[in-house]
Amino acid sequence: MRDLLWITPTEAAAVATGTVGMYLAMLLLVRVLGQRVLSGMSSFDLVAVIAFGSIIGRASLGDYPVLGSGIVALTTLVSMQGLIGALRQRGWIQRTVINPPVLLMAGPQVIEAHMRRCHVLPEELQSRLRLAGVRHPDEVAAVTFEPSGAISVLRCGERVDPMLLSGVVGASLVPPALLSPPSR
C-alpha cells in the first residue's frame, strides 16, 4: 500500500527537479514565443493548454504517478510561482520573465511588423476593434498587445496621457495630435 501512495526521498527529489525544469522550460517558451501564448482562448488555444498541462504533468510525475509525487509536484509548482512572483519586484527578473506591451496600431495605422512579432492576425485585431465599439479606423488612438496577451484599444476623443503608453514598444509612433501635453 505504501508503494501506491508515497515515494522515497530520491524519487521526491527527482519529481521536484523535473517539475522545476518543466516550469522553467514553459517560462522560456512563453518568453520566446511571446505573450500570444497567453492570449484569449480559442478552441485551438484550449487544446494547446490542455496538452501543455498533460506534458508537464507526465514529465513531472513519471509513468506511474502516486499521491506522494503529485504532492511534491504541486508543492514545487506553487513554490516556483511564489518565488517568481516575489522576484518579479526586481527589474531584471521582470524584464526577463514578462514581455513588454507592443503597439499594434498608432492612430488608424496598423503596424504590420508588430502584428507579426506578436502573432496577431488581422481578423483578431478587427474583432477586438469591434468589441471596443470602433466603427472606423480613424476612431483609434492606439491599440496595444498587453503582456497578458490581451489587446487594449484606446479610442480617439479625449487625448491620451503619454503615461499610459510608457514602456510600450513603438509608443513613439502614436501621432502627437492624439496625445495630451506632458504633465509638468
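Before reading further, recall that the structure is shown in the block above.
Residues numbered from 1 in each chain as written. Predicted model: local features only at pLDDT ≥ 70, side-chain atom pairs only at ≥ 80, totals over all residues. Heavy atoms only, no water.

A. Fine view of the pattern of salt bridges. What the rule picks out here adds up to two salt bridges. Note that Glu-139 and Arg-135 form a salt bridge whose closest N and O atoms lie 3.2 Å from each other. Judged by its relative accessible area of 16%, Glu-139 falls in the buried class. Residue Arg-135 is classed as exposed on the basis of its relative accessible area, which comes to 70%. Notably, a salt bridge pairs Arg-155 with Glu-139, separated by 3.2 Å at the nearest N-O pair. Of this pair, Arg-155 sits in strand β4 (residues 151-155) while Glu-139 sits in the loop between α7 (122-131) and β3 (140-145); the two residues are 16 residues apart in sequence, bridging distant segments of the chain. On the basis of relative accessibility, which here comes to 35%, the residue Arg-155 falls in the partly exposed class. Among the charged side chains, a network of salt bridges with common partners joins Arg-135, Glu-139 and Arg-155. (Salt bridge = Lys/Arg side-chain N within 4 Å of Asp/Glu carboxyl O. Buried < 20%, exposed > 50% of the residue type's maximum accessible area, 1.4 Å probe, protein only. Helix = DSSP H or I, 4+ residues; strand = E, 2+ residues; numbered from the N terminus.)

B. Inspection of the pairing of β3 at higher detail. Here β3 lies mainly inside the structure; six of its six residues are buried. When strand β1 (residues 102-106) meets β3, the two strands line up antiparallel, connected through four bridges. Across the sheet, the residue bridging to Leu-103 is Thr-144, located in β3. What sits between the antiparallel neighbours β3 and β4 is a turn of five residues, in which Gly-149 has the positive phi angle 95 degrees. (Pairing = 2+ DSSP bridges.)

C. Expanded view of the sheet that holds β1. Strand order in the open sheet made by the four strands is β2-β1-β3-β4, with antiparallel pairing throughout. If you trace the sheet from one side to the other, it starts and ends with β2 (109-110) and β4, each paired once.

D. Highlighting the pairing of β4. By the bridge criterion, five bridges tie β3 to β4 in an arrangement that is antiparallel. The partner of Phe-145 across the bridge, within β4, is Ile-151.

E. Fine view of the side chain of Thr-76. Take Thr-76: it is sitting in helix α4 (residues 67-87). Setting aside anything within four residues of it in sequence, one finds Thr-76 in contact with Ala-16, Thr-19 and Val-20. (Contact = heavy atoms within 4.5 Å.)

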